[in-house]
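# A structural walkthrough
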Amino acid sequence: EPEVTQTPSHQVTQMGQEVILRCVPISNHLYFYWYRQILGQKVEFLVSFYNNEISEKSEIFDDQFSVERPDGSNFTLKIRSTKLEDSAMYFCASKIGRLNTEAFFGQGTRLTVV
Amino acid sequence: QKEVEQDPGPLSVPEGAIVSLNCTYSNSAFQYFMWYRQYSRKGPELLMYTYSSGNKEDGRFTAQVDKSSKYISLFIRDSQPSDSATYLCAANSGGGADGLTFGKGTHLIIQP
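What comes next concerns the included structure. (Residues numbered from 1 in each chain as written. Chains lettered and ligands numbered in written order. Predicted model: local features only at pLDDT ≥ 70, side-chain atom pairs only at ≥ 80, totals over all residues. Heavy atoms only, no water.)

### Describing the interface of chain B and chain A
Listed by partner, the interface residues are 24 residues for chain B and 25 residues for chain A. In terms of surface lost to chain A, no three residues of chain B exceed B:Arg41, B:Ala97 and B:Lys104, which account for 26% of the buried area on that side. Seen at the junction of chain B and chain A, the total is zero salt bridges. For the pair chain B and chain A, the number of links is five residue pairs in polar contact (both at pLDDT 80 or more). Residue assignment for the side of chain B that touches chain A shows that the elements contributing at least two residues are strand E1 (4-6), strand E4 (32-38), strand E5 (45-51) and strand E9 (85-92) of chain B. Among the elements that line the side of chain B that touches chain A, the one with the most residues is E4(B), at four residues. Partitioning the side of chain B that touches chain A into residue classes produces 11 nonpolar, seven polar and six charged. (Contact = heavy atoms within 4.5 Å. Buried area = accessible area lost by both parts, 1.4 Å probe. Salt bridge = Lys/Arg side-chain N within 4 Å of Asp/Glu carboxyl O. Polar contact = N/O pair within 3.5 Å; in protein donor to acceptor, adjacent residues only side chain to side chain. Helix = DSSP H or I, 4+ residues; strand = E, 2+ residues; numbered from the N terminus. Nonpolar A, V, L, I, M, F, W, Y, C, P; charged D, E, K, R; others polar.)

### Here we look at the state of the cysteines
Under the counting rule described, the total for this entry stands at two disulfides over all chains. With a sulfur-sulfur separation of 2.0 Å, A:Cys23 is cross-linked through a disulfide to A:Cys92. Judged by the sign of its S-S torsion, about -65°, the bond between A:Cys23 and A:Cys92 is left-handed. Of this pair, A:Cys23 sits in strand E3 (residues 19-24) while A:Cys92 sits in strand E9 (residues 88-95), placing them 69 residues apart in sequence. Residue A:Cys23 is classed as buried on the basis of its relative accessible area of 1%. A residue is classified by how much of its surface remains accessible, and A:Cys92, at 0% relative accessible area, is buried. Through a disulfide, B:Cys23 is tied to B:Cys89; the S-S separation comes to 1.8 Å. Taking the torsion about the sulfur-sulfur bond, which here is approximately -105°, the covalent link between B:Cys23 and B:Cys89 counts as left-handed. (Disulfide = S-S within 2.5 Å. Buried < 20%, exposed > 50% of the residue type's maximum accessible area, 1.4 Å probe, protein only.)

### Description of unusual backbone geometry
A cis geometry characterises the amide bond from A:Thr7 onward to A:Pro8, with omega recorded as -10°. Within the secondary structure layout, A:Pro8 lies in the loop between strand E1 (5-7) and strand E2 (10-13). Of note in this structure, B:Arg41 is not a glycine but carries a positive phi near 60°. You can see B:Arg41 is positioned in the loop between E4 and E5. The exposure class assigned to B:Arg41 is partly exposed, which follows from its relative accessible area of 48%. One non-glycine residue, B:Ser52, adopts positive backbone phi at about 55°. On the secondary structure map, B:Ser52 appears in the loop between E5 and strand E6 (54-58).

Treat this as a map of the structure, not an account of what it does.
Next comes the structure, spelled out in C-alpha cells:
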C-alpha cells in the first residue's frame, strides 16, 4: 500500500543549526503538507504546497521555515536556525486532489534541538 | 476562530464495550471532518472522514457529525485492546490546500 515516507526518523541538532527534514509523498498525490506536534500538544498545521508553491501557511511558519520540492518525488522542510522550542515531531502529509480531503500522514521525524 | 476541542482523557473501558469519542468545533466554515488514530510517537492514521452532517459507518466504527450543534462523534463497537490509542478529530473547510485543524486527541485504553 502506498505510504508517505519521512527521513530521518530522529534528528538531533544544536541550537542555531540548520536542519532539513525530508518526505516522499504518495506518488500520484498533488497536495503536500507539513505539520508539527510538540510533545503532549495538538498536531498543528504549518504549511501546504501545491503546484510548486506555498498555498497556505500558519502563523507558526515564519521566515525561519521554508519548503521545497526539489524534484518529482521529494518534499522538504528546512528550518534555518533552530531554536529549543522547535523540538517536536514533524509530520509530512499528502492528498491526491483538491476535492479529496483524505490526507495521509508519514510516521514523522522527531526533531530534538539541544 | 479555528479551534477543535476534545477531552484528552484518558478514557478507560472494558473490552467489548461501546466507546464514544467526541469533539466540538467553533468554525462554521468547517465542512469535512476526520478521525485519526495515533499510536505513541507515530503518525496519525486516517480512520474515517465525513462531509457535512450525517453518519458514516465502516465496520466497527461509526462517525457522526451534527453541524447544528458543531458536534463530532466516533463510536467504536465491540472494542478491542488493539483499539487502545489516541484518537484525534480534525476538520477543515475542504477547499484545496486547506490544512487540518486538530483536536488535542483522546487517549483511549481498552482493558482486556
